Amino acid sequence: MLSQFPFPTAMTPDSALGSWFLPGSAMVHPEILRAMEQSVISSPRPETANLLARLRPPLQALFRTAGEVFITAGTATGLMEAAIRSGVEERVLVVSGGFWGDRFAEVARACGKDVVRVMVHPGRTIEPEHLLQFLDGPEVDAVALVHSETSTGALAPLAELVPVVRARKNLHVLVDAAGSIGGLPVETDLWGLDFVFASSHKALALPPGMALGVASPRFLERARKMPARGLMHDVAALTEDSRLDRGTPPPQAFALLQQLARIQAAGGVESRWRHHHELLTRVEEWVMLHPEVRLLAPEGRRSWTVSCLVLPGGHSANEIVAKMGEAGWMIATAHGELADRAILIGHMGEANVANLARLLDALGHVLGLPRTLHG
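Residues numbered from 1 in each chain as written. Predicted model: local features only at pLDDT ≥ 70, side-chain atom pairs only at ≥ 80, totals over all residues. Heavy atoms only, no water.

Caption draft 1: Representation of the nonpolar core. Residues Leu 55, Leu 59, Ile 71, Leu 93, Leu 131, Leu 193 and Leu 256 are the most contacted members of the largest nonpolar core, which totals 50 residues. Setting aside chain neighbours within four positions, we find Leu 131 in contact with Leu 93, Ile 126, Val 143, Leu 161, Val 164 and Val 165. (Core = buried A, V, L, I, M, F, W, Y, C linked by side-chain atoms within 4.5 Å. Buried < 20%, exposed > 50% of the residue type's maximum accessible area, 1.4 Å probe, protein only. Contact = heavy atoms within 4.5 Å.)

Written as structure tokens, this is what we have:
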């Protein structure tokens, strides 16, 4: 059974199953890989329209929207650029508390837009009252937010932030949900999100190389008037192609269809959310038993798909990650100033509580922490 799972060349088949806890890419189930063995199809053959039509209902359930969810070859960064080109006329306010927030700001500048960059401490998120203050500053066309910042384990309170933005006429909300779609609640329509995008290789636990997005009617109205919204990632065109069941879906679309069926068979997206929350809870319980280690993000603002743990003084994150790798566990160091002080544990996709408990036990051993009754 273990040999069915993909694993790095440095690992053995015996250590591959359940040992992958990177913050992305997530481990891909063998059933999903087999789904990609089907022949590649291209437009305008009937098979293309059939595949896209079959994807529509489960994708709408995944994004919690009645809108058209489109898929495209590429990465979430491609749709990040699409969000800027199709949704920002002159200036955008970007909230940045980690690597992906920084990337949003970099993309906006590369697209020639003025950027009002709001910096929050790593592990923290902007709060509604603070966002309100910044919106009283320079006039902007949109606010760009990262929902689950996989470089810090922080979770932005979208349901509380969006009303602050939407209270301003014609101000749009652009959301990077790469670390959250499929792993925790993203209520596109209920929360009033204007453009939401995600990648295939994080909480959805699919092979990399595919991105997904959905735009609100008012975002599309603006996009159609944008003179330089590009060609490959034109949100208006991608949405229209999806509505008409046309386009050229990447091979990962077969894997997506299979994964959506697996999610439905396991109780639906709400059940998957509960599973990921249980994984976060297990990490929180372990940290409470080992006060030498702390979670970077505060309680109530922690992602359900990835945790950032600050190590005790005297420990190098690079060395701990290397030792965990020697023991067969795949985790990562944090980014930037935290690179050698904190580690990232991705608990998303196919991760389960039992294997996570074993990983945490191994981490405690590598750190030399005292054993407790529960770990």
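We are not done yet, so read on.
Caption draft 2: Just the sheet that holds strand S10 (residues 294-295), in detail. If you walk across this open sheet you meet the four strands as S10-S11-S13-S12, and the pairing is antiparallel. Strands with a single pairing partner mark the edges of an open sheet, and in this sheet they are S10 and strand S12 (332-333). In this fold helix H12 (residues 269-289) packs onto S10 and strand S11 (306-310), with an angle of close to 15° to the strand it touches most, S11. Strands in contact with helix H14 (residues 353-367) are S11 and strand S13 (342-346); relative to S13, the strand with the most contacts, it is inclined by about 165°. (Pairing = 2+ DSSP bridges. Helix = DSSP H or I, 4+ residues; strand = E, 2+ residues; numbered from the N terminus. Axes fitted to C-alpha atoms, helices over the stretch in contact; angles between N-to-C directions.)

Caption draft 3: Focus on the packing of aromatic side chains. Evaluated as defined, the whole model comprises six aromatic pairs. Considering the side-chain rings of Phe 195 and Phe 197, the 5.9 Å spacing of their centres and the 35° angle between planes classify their relative orientation as tilted. Across the pair, exposure class does not vary: Phe 195 and Phe 197 are buried alike. A centroid spacing of 5.1 Å and a plane angle of 15° characterise the contact between Phe 195 and Phe 219, whose relative ring orientation is stacked. (Phe/Tyr/Trp six-rings, centres within 6.5 Å; stacked < 30°, edge-to-face > 60°.)

Caption draft 4: Region of interest: the environment of Arg 168. Along the polypeptide, Arg 168 turns up in the loop between helix H7 (158-166) and strand S7 (172-176). For Arg 168, a relative accessible area of 26% gives the class partly exposed. Along the primary structure Arg 168 and Ala 228 are separated by 60 residues, whereas in three dimensions their C-alpha atoms are 25 Å apart. Apart from the residues within four sequence positions on either side, Arg 168 is in contact with Leu 132, Leu 135 and Asp 136.

Caption draft 5: The arrangement of helix H5 (residues 99-110) in detail. Between the first and last C-alpha of H5 there are 16 Å, a value that for 12 residues agrees with the 16 Å anticipated at 1.5 Å per step. Listed as buried for H5 are Gly 101, Phe 104, Ala 105, Val 107 and Ala 108. Taken end-on, H5 shows its buried residues confined to a sector of 160°, consistent with a single buried face. Residue Gly 112 follows H5 closely and has a positive phi angle near 80°. (Expected span 1.5 Å × (residues − 1). Arc of directions from axis to C-beta.)

Caption draft 6: Fine view of the pattern of salt bridges. Applying the stated criterion across every chain yields a total of 20 salt bridges. Across the salt bridge formed by Arg 85 and Glu 81, the nearest N and O atoms sit 2.9 Å from each other. Of this pair, Arg 85 and Glu 81 both sit in helix H4 (residues 76-87), four residues apart, which is roughly one turn of that helix. Overall, the relative accessible area of 25% leaves Arg 85 in the partly exposed class. Across the salt bridge formed by Glu 160 and Arg 301, the nearest N and O atoms sit 3.7 Å from each other. In this pair, Glu 160 is assigned in helix H7 and Arg 301 in the loop between S10 and S11, connecting sequence segments 141 residues apart. Taking the relative accessible area as the measure of exposure, Glu 160 reaches 43% and is therefore partly exposed. (Salt bridge = Lys/Arg side-chain N within 4 Å of Asp/Glu carboxyl O.)

Caption draft 7: Here's a closer look at the sheet that holds strand S8 (residues 195-199). In spatial order, the strands read S1-S9-S8-S7-S4-S2-S3; together these seven strands make up an open sheet with mixed pairing. What marks the edges here is a single partner per strand, and that holds for strand S1 (69-73) and strand S3 (114-119). Taken pair by pair, the neighbouring strands of this sheet meet at an average axis angle of 20°, ignoring direction. Direction of pairing for strand S2 (residues 91-96) relative to S3: parallel, over a ladder of six bridges. Its bridge partner being in S3, Val 95 is matched across the sheet by Val 118. Its contacts with the sheet put helix H3 (residues 46-63) on S1, S8 and strand S9 (210-215), and the angle it makes with S1 is roughly 110°. Against the sheet, helix H10 (residues 235-243) engages S1, S8 and S9, with an angle of about 110° to S1.

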